[in-house]
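Coordinate analysis (summary)
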2 protein chains.
Amino acid sequence: MVFSRETQLSGPTTKRVRIYDVAQAAGVSVATASKALNDTGRMTEETRSRVKEAASNLGFRPNAMARGLIQRRSFTVGLLTNDTYGRFTLPLMAGVSEELVDQGVSVFLCTIEDDPALAKIHVDAMLDKQVDGIIASGKRIDRQLPVDLTNLNVPVVYAFTQAPAEAVSLVSDDAGGSREAVEWLKTLGRRRIVHVTGPKSFASVEERAGAYRTSVGGSGSVLFGTWSEQWGHEAVSQLWSVGGDKPDAIFCGNDQIARGVVDALRERDVSVPDEVSVIGFDNWEIVAAATRPPLTTIDMNLKALGREAGRLVLALAAGETVEPGIRKLPCQLVIRQSCGGVLRN
Amino acid sequence: MVFSRETQLSGPTTKRVRIYDVAQAAGVSVATASKALNDTGRMTEETRSRVKEAASNLGFRPNAMARGLIQRRSFTVGLLTNDTYGRFTLPLMAGVSEELVDQGVSVFLCTIEDDPALAKIHVDAMLDKQVDGIIASGKRIDRQLPVDLTNLNVPVVYAFTQAPAEAVSLVSDDAGGSREAVEWLKTLGRRRIVHVTGPKSFASVEERAGAYRTSVGGSGSVLFGTWSEQWGHEAVSQLWSVGGDKPDAIFCGNDQIARGVVDALRERDVSVPDEVSVIGFDNWEIVAAATRPPLTTIDMNLKALGREAGRLVLALAAGETVEPGIRKLPCQLVIRQSCGGVLRN
DNA sequence: TTGAAAGCGCTAACAG
DNA sequence: CTGTTAGCGCTTTCAA
């Protein structure tokens, strides 16, 4: 293959082909060409296919800006997030994109730390570009983005972030996930199940802890800490430093804590999963798979959440009525080896 | 704050204000309003500010599609990647966005697994939307994306992925980073430095290994394996199972391997960093910071690489001439505790 | 200094 | 069945 120097150095070479060129080539008017290509209007099959052939010969692709100007939509949505690390946003984004790509919709990703000024710049840029809608997302469901998205004149769907009242909002079902985790441990015959989790200040921590307590039936004990491996270690120290029966299962608030717990137990020669089952939360591949043994954990199905967010924002954009309120999407148990039990994979 | 049900349920309420409305309010023609707002043309300062005030009162924002149709640019660039996990793409994206947001440019993120059909759909969608340029990126520098981006009629910049000859391409300086790692170990007085790295089939592995060999001066030894913690463990087993002098430093091909190495050494009661210094590569926060002790490592400065990619693609779009070829951007030593030595932080 | 008019590339009425 | 016309919201000659 040969590359002209020109091409690589300064971009564009060939002019874009317009519908006018297609019309010329097919020997019809621009209007007819438009109708032929969009499968609208009525005309002989022969004409339609002649136009389509001309278009494909010329490599015609309609200019989305011209089209958008008329149709008042850009086939574009914005995904706004303050999750710079992407732990939650990326799977969400994958879902959104997967849902929308077939409809020709592209996604602007806007990452806005926690800077209101930056957020406003991004939102304004999206609005200028006439996005069909905005999906607001974050890294925790009890904090709002640092920008007001109400009264925008484009639809907004909130996913994995706190939403104003009456908004359309999507979160994962923390309580349900928690329940699944505990039920699985009980299924495996565990009876002394402890919950080691993150800071009390997180709504999801309270939600999961509440569901845990209900599921274990009053006998539970919850240790709050930070979202770190370090805390997992420390929690094990605390649990094993007191006398009496040790736990036979530890349900952790996230995979990092779970990894810390598993490592700490191994260092004490407590066998996982033989003596103690450990279950995580998040299914963060890099953590869950590298743990020895690999973590059984709860997946929040963020990709599915993203798909749903994409679906809803487009529905709203199309003028459909969507019931406002918070939708909780189910979590899913992912079985690896840290609990024992059935092995999928 | 009160939310009208209407607003939340079916999106748009107020009509967008057009430049026509601004012109009316300011009592001038649309043409004058345009010039006033864009600081072009000549008119009394009074008129100009009157228009600007009207615009800001009405909350006017120009429709980017209408504007783009004329100017033939969309103030939009596409970031194409096959790095679904986002390990490399996210920092890159952050850099691109940071560089471009001030210029009003938004970024489409398109993740394309390794599916050529999906890639084509995404590229076509971007082209239809008249992106000003495309940044192609990936997860390794010796593999191409599954799509041909030459002869596109928009500029393309390659970042962290293999580029065709004569393209503008950005990668991090693997050899330089490797050299920095080894030099740092030597500075700390280490003399028996071993390199534990990933699969030989990766160009960056060969590149780093080559620079390592040069830097240690012929006495080196390189162990190739996989990019996993597991392999880090195993490598330590191998190294410590043979007789003779043990290494006093291990330079790892990535942070995951380094973590495996550190964990394995701790399990053998070999002190890090007192007896052995361990240095990683990537500065993947989640891994580097959670390791005990936290990893000293090499950062590839992907965010800076992203900024540069953004800068270049816009320069190309503006018709500027950019020298083709591969640009290597410097890596940077990040000192934590796994090597000993100065403590920043 | 200001405004009227043309037109970016496309779609949608309405005629023919 | 097909083409002519108008116009999306804006910028940009060009004339007044």
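Residues numbered from 1 in each chain as written. Chains lettered and ligands numbered in written order. Predicted model: local features only at pLDDT ≥ 70, side-chain atom pairs only at ≥ 80, totals over all residues. Heavy atoms only, no water.

For the rest of this paragraph, the subject is unusual backbone geometry. Across the chain, the bulk of peptide bonds are trans and the bulk of non-glycine residues have phi less than zero. Looking along the chain, the bond that leaves Arg292 of chain A and enters Pro293 of chain A is cis, with omega of -5°. One can find Pro293 of chain A in the loop between helix 12 (285–288) and strand 10 (297–299). Phi at Phe160 of chain A is positive, roughly 60°, even though this residue is not glycine. Position of Phe160 of chain A among the secondary structure elements: in the loop between strand 4 (156–159) and strand 5 (168–172). A positive phi angle is found at Asn151 of chain B, which is not glycine, with a value near 60°. Structurally, Asn151 of chain B is set in the loop between strand 3 (133–137) and strand 4 (156–159). (Helix = DSSP H or I, 4+ residues; strand = E, 2+ residues; numbered from the N terminus.)

All names here are of chain A. Their axes nearest at 9 Å, the elements helix 3 (residues 30–38) and helix 4 (residues 45–58) cross at an angle of 90°. On the basis of their axis angle, the class for helix 3 and helix 4 is roughly perpendicular. Listed contacts from helix 4 to Thr32, Ala33, Lys35, Ala36 and Leu37 of helix 3 are Thr47, Arg48, Val51, Lys52 and Ala55. Grouping the constituent residues of the contact of helix 3 with helix 4 by class yields five nonpolar, two polar and three charged. (Axes fitted to C-alpha atoms, helices over the stretch in contact; angles between N-to-C directions. Parallel < 35°, antiparallel > 145°, perpendicular 65-115°, else oblique. Contact = heavy atoms within 4.5 Å. Nonpolar A, V, L, I, M, F, W, Y, C, P; charged D, E, K, R; others polar.)

Domains assigned within chain A are domain 1 (6–70), domain 2 (72–173 + 302–330) and domain 3 (174–301). Computed over C-alpha atoms, the centres of domain 1 of chain A and domain 2 of chain A are 33 Å apart. (Domains from an automatic or database assignment.)

Residue and element names in this part refer to chain B. Taking strand neighbours across the sheet as the criterion, the four strands line up as 7-6-8-9 in an open arrangement whose pairing is parallel. Strand pairing shows two members of the sheet lacking a second neighbour, strand 7 (221–224) and strand 9 (277–279), which therefore form its edges. With direction set aside, neighbouring strand axes in the sheet form an average angle of 20°. Summarising the sheet, strand 6 (residues 193–197) and strand 8 (residues 249–252) pair through four bridges and their orientation is parallel. Note on strand 8: the bridge partner recorded for His195 is Phe251. (Pairing = 2+ DSSP bridges.)

A few words now on the interface of chain A and chain B. On the side of chain B, 75 residues touch chain A, which itself brings 75 residues to the contact. Where chain A packs against chain B, one counts eight salt bridges. Note that Arg259 of chain B and Glu229 of chain A form a salt bridge whose closest N and O atoms lie 2.6 Å from each other. Counting every contact that joins chain A to chain B gives 24 residue pairs in polar contact (both at pLDDT 80 or more). Those elements giving two or more residues to the side of chain A that touches chain B turn out to be helix 1 (5–10), helix 5 (64–71), helix 6 (89–100), strand 2 (106–111), helix 7 (116–128), helix 10 (229–241), helix 11 (255–267) and helix 12 of chain A. Looking at which element gives the most residues to the side of chain A that touches chain B, the answer is helix 7 of chain A, with seven residues. Within the side of chain A that touches chain B, the residues separate by chemical class into 34 nonpolar, 24 polar and 17 charged. (Salt bridge = Lys/Arg side-chain N within 4 Å of Asp/Glu carboxyl O. Polar contact = N/O pair within 3.5 Å; in protein donor to acceptor, adjacent residues only side chain to side chain.)

All right, on to the relation of the copies chain A and chain B then. In the superposition of chain A on chain B (RMSD 0.0 Å, axial shift 0.0 Å), the rotation amounts to 180°. Taken together, the rotation angle and the small translation identify this as a two-fold axis. Residue Phe108 of chain A of chain A places its C-alpha closer to the rotation axis than any other residue of that unit, at 2.2 Å. Both copies contact each other with a shared surface, as 100% of the interface residues of chain A are interface residues in chain B too. (Least-squares fit on C-alpha atoms with pLDDT ≥ 70 in both.)

This model, assessed by the stated rule, comprises 45 salt bridges over all chains. One salt bridge connects Glu45 of chain A with Arg48 of chain A, and the closest N-O pair in it is separated by 3.9 Å. Of this pair, Glu45 of chain A and Arg48 of chain A both sit in helix 4, separated by three residues, roughly a single helical turn. By relative accessible area, Glu45 of chain A is classed as exposed at 55%. Of the residues examined, Arg48 of chain A reaches a relative accessible area of 8% and is grouped as buried. Overlapping salt bridges, with partners in common, bring together Glu229, Arg259, Asp263 and Arg266 of chain A together with Glu229, Arg259, Asp263 and Arg266 of chain B in one network. (Buried < 20%, exposed > 50% of the residue type's maximum accessible area, 1.4 Å probe, protein only.)

So, on to the packing of aromatic side chains. Residues and elements named next belong to chain B. Applying the stated criterion across every chain, the model contains nine aromatic pairs over all chains. Residues Tyr85 and Trp284 carry aromatic rings whose centres are separated by 6.1 Å and whose planes lie at 75° to one another, so their mutual orientation is edge-to-face. Within this pair, whereas Tyr85 is found in the loop between strand 1 (76–81) and helix 6 (89–100), its partner Trp284 is found in the loop between strand 9 and helix 12 (285–288), the two being separated by 199 residues in sequence. For Tyr85, a relative accessible area of 36% translates into the label partly exposed. By relative accessible area, which is 9% here, Trp284 ends up buried. Ring geometry for Phe202 against Trp227: centres 5.5 Å apart, planes inclined by 85°, an arrangement best described as edge-to-face. Separated by 25 residues along the polypeptide, Phe202 in the loop between strand 6 and helix 9 (203–216) and Trp227 in the loop between strand 7 and helix 10 (229–241) bring together distant segments of the chain. Residue Phe202 is classed as buried on the basis of its relative accessible area of 16%. For the cation-ring pair, Arg73 lies above Phe75, with the distance from its terminal atom to the ring centre recorded as 3.9 Å. Stacked on the ring of Phe281, the Lys or Arg Arg208 has its end atom at 3.7 Å from the ring centre. (Phe/Tyr/Trp six-rings, centres within 6.5 Å; stacked < 30°, edge-to-face > 60°. Lys NZ or Arg CZ within 6 Å of the ring centre and 35° of its normal.)

Take the protein's contact with DNA strand D next. What surrounds DNA strand D is a group of 24 residues, the closest being Lys35, Arg42 and Arg72 of chain A together with Ile19 and Ile70 of chain B. Restricting the count to atoms of DNA strand D within 4 Å of the protein gives a sugar and phosphate share of 71%. Here Thr44 of chain A contributes a backbone N or O atom positioned 3.2 Å from a phosphate oxygen of DNA strand D. Those elements giving two or more residues to the surface near DNA strand D turn out to be helix 3 and helix 5 of chain A together with helix 3 (30–38) and helix 5 (64–71) of chain B. (Near = heavy atom within 4 Å.)

For the rest of this paragraph, the subject is the pairing of strand 7 (residues 221–224) of chain A. Residues and elements named next belong to chain A. Two strands pair when backbone bridges link them, and strand 6 (residues 193–197) and strand 7 are joined in this way by four bridges, in the parallel orientation. Paired with His195 across the bridge in strand 7 is Val222. In this view, the connection linking strand 6 to its parallel neighbour strand 7 by way of helix 9 (residues 203–216) has right-handed handedness. (Right-handed = clockwise from strand over helix to strand, strands pointing away.)

Bringing helix 8 (residues 174–187) of chain B into the picture now. Note: α-helices contain 3.6 residues per turn, so residues at a spacing of three or four share the same orientation. All names here are of chain B. A rise of 1.5 Å per residue sets the reference length of helix 8, with its 14 residues, at 20 Å; its end C-alpha atoms lie 20 Å apart and thus fit the reference within 8%. Within helix 8 the residues assigned to the buried category are Asp174, Ala175, Gly176, Gly177, Ser178, Ala181, Val182, Trp184 and Leu185. Residue Gly189 follows helix 8 closely and has a positive phi angle near 90°. (Expected span 1.5 Å × (residues − 1).)

Right, let's get into the environment of Ala315 of chain B. Residues and elements named next belong to chain B. Looking at the secondary structure, you find Ala315 in helix 13 (residues 302–317). Judged by relative accessible area, Ala315 falls into the buried class, the value being 9%. Along the sequence, Ala315 and Thr32 sit 283 residues apart, while their C-alpha atoms lie 30 Å from each other.

Okay, the protein's contact with DNA strand C next. Neighbouring DNA strand C are 25 residues; Ile19 of chain A together with Lys35, Met43, Thr47 and Arg72 of chain B lie closest to it. Counting only atoms of DNA strand C within 4 Å of the protein, the sugar-phosphate share comes to 70%. With respect to DNA strand C, the backbone of Ala66 of chain A contributes an N or O atom lying 3.2 Å from a base nitrogen. Contact distances for DNA strand C include 3.0 Å between a phosphate oxygen and a side-chain N or O atom of Arg67 of chain A. For the surface near DNA strand C, the secondary-structure elements that each account for two or more residues are helix 3 and helix 5 of chain A together with helix 3 and helix 5 of chain B. It is helix 3 of chain A that contributes the most residues to the surface near DNA strand C, five residues altogether. In terms of residue class, the surface near DNA strand C is made up of twelve nonpolar, seven polar and six charged.

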